[in-house]
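Fold and geometry: a report
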Amino acid sequence: MFNKLRLGAKLAAVFILVSLIPLSLVSVFAYTQFRSAMKAQVHAAISAYSDSVREQLDSWIAKQRNDATVLSTTRDLREALAHLESMDWDAGSPEWLEMKTGVLDPLGEVIAREYGYAFVFIMDPNGTGVWSNAKVIEGADLVTRDYFQGAMKGKVTYSEIFYSTVVTDNVIVTGSPIYEAGSRRIVGALGLAMSSSDLERKLQAGLQSLGKSADAYLVAADGTFLTNTRHGIYSKDAVLKQ
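Let me begin by describing the structure that accompanies this report. (Residues numbered from 1 in each chain as written. Predicted model: local features only at pLDDT ≥ 70, side-chain atom pairs only at ≥ 80, totals over all residues. Heavy atoms only, no water.)

As for unusual backbone geometry
- Of note in this structure, Asp-88 is not a glycine but carries a positive phi near 60°.
- Residue position: Asp-88 is located in the loop between α2 (75-86) and α3 (94-115).
- The exposed category is assigned to Asp-88, whose relative accessible area is 67%. (Helix = DSSP H or I, 4+ residues; strand = E, 2+ residues; numbered from the N terminus. Buried < 20%, exposed > 50% of the residue type's maximum accessible area, 1.4 Å probe, protein only.)

Laid out in structure tokens, this is it:
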């Protein structure tokens, strides 16, 4: 059939066939370039978001440390522990009960409200909870807790994430030493409990910029979830589960 075509038609057919070949190559090349560009754009967006989250987490940790350092030097806390020590650490004495209701309870409300902590507490040198705005902590033996032991060594110390029956949520506690006024003698420790839900909100803030299906969460080295995911079956009650 091709042999029966006139010369002009033959040339036109050859031209069309020849032109279609580079056109298809150009299309494949353009698609490949577009796909590579999209991948690079996605990776750049994810990298930028990761850097932003890392900075937020560093800022969050620094805030915890700063809050604990500043609040543990509060005159009311120091005077309260000095008063309790003068009574041989008798947390059941009428004087201490008056100190708690008149001084510490209002202070605890301010700290929780202004600084965003789930609960606040102080411990005596033996690791016993002697005051908290969450009353179930009072009298609790906290001597083995890492945040107490670190604080009694003069260090601001962070706990692992753990489930708290006080607020029925997972929390992180920052412990800080409380020094006797005018000396470096440690007379107790301050504990600041922050809900891990707060950490989760900071981690996932701004995810919309990466798309509706974007997700961000923290996991430990052993695969344990430290925050919930934004989507899927691990978006609720996943923390501390593998």
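A few points about the layout of surface pockets
- Space inside the second largest pocket adds up to approximately 190 Å³.
- Lining the second largest pocket are 14 residues; nearest its centre among them are Ile-137, Leu-142, Arg-145, Phe-162 and Val-166.
- Secondary structure elements with two or more residues in the lining of the second largest pocket: β1 (119-123) and β4 (162-164).
- Sorting elements by how many residues they give to the lining of the second largest pocket places β4 first, with 3 residues. (1 Å grid on protein atoms, 1.4 Å probe; cavity = no way out; pocket = protein on both sides within 12 Å on 5 of 7 lines; lining within 4 Å. Points joined across faces, edges and corners; volume = space filled by probe spheres on them.)

Some remarks on the packing of aromatic side chains
- By the definition in use, this model includes 2 aromatic pairs.
- The interplanar angle of 75° and the centroid separation of 5.9 Å between the aromatic rings of Phe-121 and Tyr-147 together place this pair among those described as edge-to-face. One end of the pair, Phe-121, is in strand β1; the other, Tyr-147, is in helix α4 (residues 146-152), with 26 residues separating them in the sequence.
- For Tyr-147, a relative accessible area of 2% translates into the label buried.
- Members of the aromatic cluster, joined through ring pairs, are Phe-119, Phe-121 and Tyr-147.
- Seen from the ring of Phe-162, Arg-145 lies directly overhead, with NZ or CZ sitting 5.8 Å from the centre. (Phe/Tyr/Trp six-rings, centres within 6.5 Å; stacked < 30°, edge-to-face > 60°. Lys NZ or Arg CZ within 6 Å of the ring centre and 35° of its normal.)

Thoughts on the packing of α2 against α3
- It is at 11 Å that the axes of α2 and α3 come closest, and there the two elements cross at 170°. Our classification of the angle between α2 and α3 gives roughly antiparallel. By crossing handedness, the relation of α2 to α3 is classed as left-handed. Seen from α2, the contacting residues are Asp-76, Leu-77, Ala-80, His-83 and Leu-84; seen from α3, they are Glu-95, Trp-96, Met-99, Val-103, Leu-104 and Leu-107.
- In the contact of α2 with α3, the residues fall into 8 nonpolar, 1 polar and 2 charged. (Axes fitted to C-alpha atoms, helices over the stretch in contact; angles between N-to-C directions. Parallel < 35°, antiparallel > 145°, perpendicular 65-115°, else oblique. Left-handed = near helix turned anticlockwise from the far one by under 90°. Contact = heavy atoms within 4.5 Å. Nonpolar A, V, L, I, M, F, W, Y, C, P; charged D, E, K, R; others polar.)

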